[in-house]
Amino acid sequence: MTHRLQEYQPPEWAQSLKLIPKHRIQLAAPGVTPITEWKLPDAPEDFKVLLKRDDYTGSILSGNKVRKLEFILAEAVANGCKHVISAGALQSNHCRAVAASCAELGLQSHLFLRTPAKQVSDLKFDGNLFLDRLFGANFYLVPADADYVEFIEVKMQELAEQIKKEKGETSHLICANGSKDMGMWGYIQCFEDIRQQGVEFDDILCACGGGRTICGLAVANYLCGMPYRLHTIVVSKLKRDNYRKIVQDHLNEVGLQDVAVEDVVTLYFNQVTPEHGENLPSQLELMVKSAEQTGVVLDNIYTAKAANELKELMQNKPEVFKGNRILFLHTGGLPSLQSEAKINPLLPYLTRSKFMFVS
């Protein structure tokens, strides 16, 4: 698959950074994803919300994951890897994107998935898990409370060593926070695309899981003179200090050791739920209102939580924004909604549709 490798030339303003990727593989749909106005339900009228439609980056590969994988998997292919090992929750959007991209590139994907299931028969193969299986991924099921660094990453490394010993083939590991990988370059490049689109706004807001998306945007915004104020809504249970370290580590690795996290992005933790896949009632209500009133589908893990926080900030703390024109980054995630576990909590809120039998 080396014929898919394209030499990567970073934007002029980013050429002084360290760890610049040499290659990129196009996985997303061609072209630049649009920026459109979004009538976010219950948003104050004096705010204008714009939507960066990164849910349009492709069908199965839609969302922010594919932007990062264009650089991560280019590195894997360039290094001659035959296997890609990653990890996530049972309905992980990231793992689905890894499985789909690996199938396209002729690589074997190996996914470590957190689950309370004790045997395969306990699993429901729907949503992303069904797609992972459709793409031929190998599954390694770990306890739902397994520590990522002390257990899962260790097992990932052991698997890579086992594959090397048995098959003589190398593996590329994609770790949770993306430290020392090329994933953040997906959103350094995305920032350049946004600049070229020429749409005026004051603030950028997005969800934050592993940190690559907001780190790429923060680096780019800083290098371009801070034209926007950045806000990110943390959706996982990592402690505040741990998230701050993830962002700081990314800044350090590209040569911005003197830049403090607080100077480039504001982190919000108000939408975190006890479990990664759970939702607050207000988040579920907003998902339904957005779909019914605007046609914009939010996923329950990332964009519903981020949009809910955006709405609440505009209503209750408008002073946190630089201005009243907000760009909301839609990071995709629709396939995870097509699982029973994600659908059932939404059903009580679906009161608009009527059913009639016609004979």
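You'll find the structure just up there.
This structure is a prediction, so every number in the text was calculated from the model and none was measured.

Reading guide: rules and limits
For every chain, the first residue of its written sequence is number 1, and the numbers climb from 1 along that sequence. Only residues with pLDDT of at least 70 are given local features in this predicted model, and only at 80 or more are side-chain atom pairs given and counted; all residues enter the totals for whole chains, interfaces and linings. The basis for every side-chain value is the complete set of heavy atoms in the structure, and neither hydrogens nor water enter the calculation. Criterion used throughout: strands pair if DSSP finds at least two bridges between them. In this text, helices come from DSSP runs of H or I with a minimum length of four residues, and strands from runs of E with a minimum of two, each type numbered from the N-terminal end. Between N-to-C directions, angles cover 0 to 180 degrees, with each direction set by a line fitted to C-alpha atoms, over the stretch in contact for helices. Patches here: salt-bridge-free residues with over 30% relative accessible area, like charges joined within 9 Å, nonpolar side chains (Val, Leu, Ile, Met, Phe, Trp, Tyr) joined within 5 Å. For the area figures, the Shrake-Rupley method with a 1.4 Å probe applies, and any residue is considered shielded solely by the protein chains shown. By definition here, a salt bridge exists when the distance from a side-chain nitrogen of Lys or Arg to a carboxyl oxygen of Asp or Glu is within 4 Å. Categorising residues by exposure relies on relative accessible area from a 1.4 Å probe, with only protein chains included: less than 20% of the type maximum marks a residue as buried, more than 50% marks it as exposed, and the intermediate range marks it as partly exposed. Aromatic rings from Phe, Tyr and Trp, taking only the six-membered ring of Trp, are treated as a pair when their centres fall within 6.5 Å; an angle between ring planes under 30 degrees marks them as stacked, one over 60 as edge-to-face, and anything in between as tilted. By the definition adopted for this analysis, an angle is roughly parallel if under 35 degrees, roughly antiparallel if over 145, roughly perpendicular if from 65 to 115, and oblique otherwise. We call two residues contacting when some pair of their heavy atoms lies within 4.5 Å. Gly is put with the polar residues, along with every residue not named as nonpolar or charged; the nonpolar set is Ala, Val, Leu, Ile, Met, Phe, Trp, Tyr, Cys and Pro, and the charged set is Asp, Glu, Lys and Arg. For any helix crossing, the convention is left-handed if the near helix is rotated counterclockwise from the far helix by under a right angle, and right-handed if that rotation is clockwise.

### Remarks on the sheet that holds strand E7 (residues 138–143)
Spatial strand order, E7-E6-E5-E8: four strands in an open sheet with parallel pairing. Where the open sheet ends on each side, the last strands, each with one partner, are E7 and strand E8 (171–173). Pairs of neighbouring strands in the sheet enclose a mean axial angle of 25°, with direction left out of account. Looking at chain direction, strand E5 (residues 83–89) and strand E6 (residues 108–115) are connected through seven bridges and run parallel. Bridge pairing links alanine 87 to phenylalanine 112 in E6.

### Topic: a nonpolar patch on the surface
Together, Ile343, Leu347 and Leu350 make up an exposed nonpolar region whose accessible area comes to about 250 Å². Relative to the helices and strands, leucine 350 resides in the segment after helix H11 (340–343). For leucine 350, a relative accessible area of 45% gives the class partly exposed.

### Some details on the packing of aromatic side chains
In the structure shown here, the tally under the stated rule is nine aromatic pairs. When the centroid spacing of 5.6 Å and the interplanar angle of 70° are considered together, the rings of phenylalanine 47 and phenylalanine 321 count as edge-to-face. You can see phenylalanine 47 sitting in the loop between strand E3 (35–37) and strand E4 (48–53) and its partner phenylalanine 321 sitting in the loop between helix H10 (303–316) and strand E12 (325–330), a full 274 residues away along the chain. The pair formed by phenylalanine 47 and phenylalanine 321 is uniform in burial state, with each residue classed as buried. A centroid spacing of 4.8 Å and a plane angle of 15° characterise the contact between phenylalanine 112 and tyrosine 140, whose relative ring orientation is stacked. A residue pair is termed long-range when its members are at least 10 positions apart, and phenylalanine 112 in strand E6 and tyrosine 140 in strand E7 qualify at 28 residues. Judged by its relative accessible area of 5%, phenylalanine 112 is buried.

### Looking at the packing of helix H9 (residues 281–294) against H10
As a packed pair, H9 and H10 sit with axes 9 Å apart at the nearest point and diverge in direction by 100°. Judged on the interaxial angle alone, H10 and H9 are roughly perpendicular. Note on element contacts: H10 touches H9 through Ala304, Lys305, Ala307, Asn308 and Glu312, opposite Ser282, Gln283, Leu286 and Met287. The class makeup of the residues in the contact of H9 with H10 is four nonpolar, three polar and two charged.

### Quick notes on the packing of helix H6 (residues 212–223) against helix H7 (residues 240–253)
Interhelical geometry of H6 versus H7 gives an angle of 50° and a closest axis separation of 10 Å. It follows that H6 is oblique to H7 by the angle criterion. When the axes of H6 and H7 are compared, the crossing they make is right-handed. Between H6 and H7, the contacting residues are Arg212, Cys215 and Val219 on the first element and Ile246, Val247, His250 and Leu251 on the second. Residue classes in the contact of H6 with H7 are distributed as five nonpolar, one polar and one charged.

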